[in-house]
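Report on the structure
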Amino acid sequence: MTAIGNLTGALAIAIGLYAVAAGLGMLTAPDRFRQMIDNAENSPALNFAIGILVFSVGTAIALTHPMGEGWLSILVTITGWGMAIEGLLFLAAPQIIWSIARPMATLGGRIGGTIATLAGAAFVWAGYCHL
């Protein structure tokens, strides 16, 4: 496996572990997840900090991870660019992010948590197989 392949696998595992942890959090403590959204949505400083963090991590993934060595490589890079865009939205227009997150937390917390957990597990598995 090439160094890029190792990077792809490692990033897929990291992204997957993040999604599994977030999904399990939504499933096991849906009220805490709703409270987190309420607190974060009403804090301009927290929105700014989240935006900087998500933009930085997403940009680092997108710019250092080239597409081209299979579907997982493409998916990891697209995830990085998606994170970068999400970070920019947190900085410029956080109400867009919260208009998406709030319905997920109130109506589909269990569904969203299940989807995030399963997608994360798939990322971990694919990353492990790719290493």
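One structure accompanies this document, and this report is about it.

1. Here's the deal with the overall build of the protein chain
In terms of helices and strands, the protein chain carries 6 helices and 0 strands. Each helix (α) and strand (β) of the protein chain, taken in turn from the N terminus, gives the series α-α-α-α-α-α. Taking 14 Å as the expected radius of gyration for a compact globule of 131 residues, we find that the protein chain reaches 15 Å, a close match to that expectation. Considering only C-alpha atoms, the protein chain reaches an extent of 45 × 30 × 15 Å along its principal axes. Looking at the 131 residues of the protein chain, the share that counts as buried comes to 37%. Within the structure as shown, the protein chain displays about 7400 Å² of accessible surface, and the carbon and sulfur contribution to it stands at 75%. If the 4 positive side-chain charges of the protein chain are averaged to one point and the 5 negative ones to another, these points end up 11 Å apart.

2. Some points on the packing of helix H4 (residues 71-92) against helix H6 (residues 109-130)
Running from amino to carboxyl end, H4 crosses H6 at an angle of 130°, the nearest separation of the two axes being 11 Å. Of the possible angle classes, the one that applies to H4 and H6 is oblique. Read as a crossing pair, H4 and H6 show a hand that is left-handed. Contact residues: Trp71, Leu72, Leu75, Val76 and Thr79 in H4; Phe123, Ala126, Gly127 and His130 in H6. In the contact of H4 with H6, the residues fall into 6 nonpolar, 3 polar and no charged.

3. Quick word on the nonpolar core
The biggest cluster of nonpolar side chains holds 8 residues, and these are Leu11, Ala12, Ile15, Ile61, Leu72, Val76, Phe123 and Ala126. Those elements that place two or more of their residues in this core are helix H1 (3-28), H4 and H6. Broken down by element, the residue count for this core peaks at 3 residues, all from H1. Those residues in contact with isoleucine 15, other than ones at most four positions away along the chain, are Val76, Thr79 and Phe123.

Quick notes on the rules
Residues numbered from 1 in each chain as written. Predicted model: local features only at pLDDT ≥ 70, side-chain atom pairs only at ≥ 80, totals over all residues. Heavy atoms only, no water. Helix = DSSP H or I, 4+ residues; strand = E, 2+ residues; numbered from the N terminus. Rg over C-alpha atoms; globule rule 2.2 N^0.38 Å. Buried < 20%, exposed > 50% of the residue type's maximum accessible area, 1.4 Å probe, protein only. Areas by Shrake-Rupley, 256 points an atom, 1.4 Å probe, with all protein chains shown as cover. Lys, Arg positive; Asp, Glu negative; His and termini not counted. Charge placed at Lys NZ, Arg CZ, Asp CG, Glu CD. Axes fitted to C-alpha atoms, helices over the stretch in contact; angles between N-to-C directions. Parallel < 35°, antiparallel > 145°, perpendicular 65-115°, else oblique. Left-handed = near helix turned anticlockwise from the far one by under 90°. Contact = heavy atoms within 4.5 Å. Nonpolar A, V, L, I, M, F, W, Y, C, P; charged D, E, K, R; others polar. Core = buried A, V, L, I, M, F, W, Y, C linked by side-chain atoms within 4.5 Å.

Purely spatial values, then, with no claim about function.
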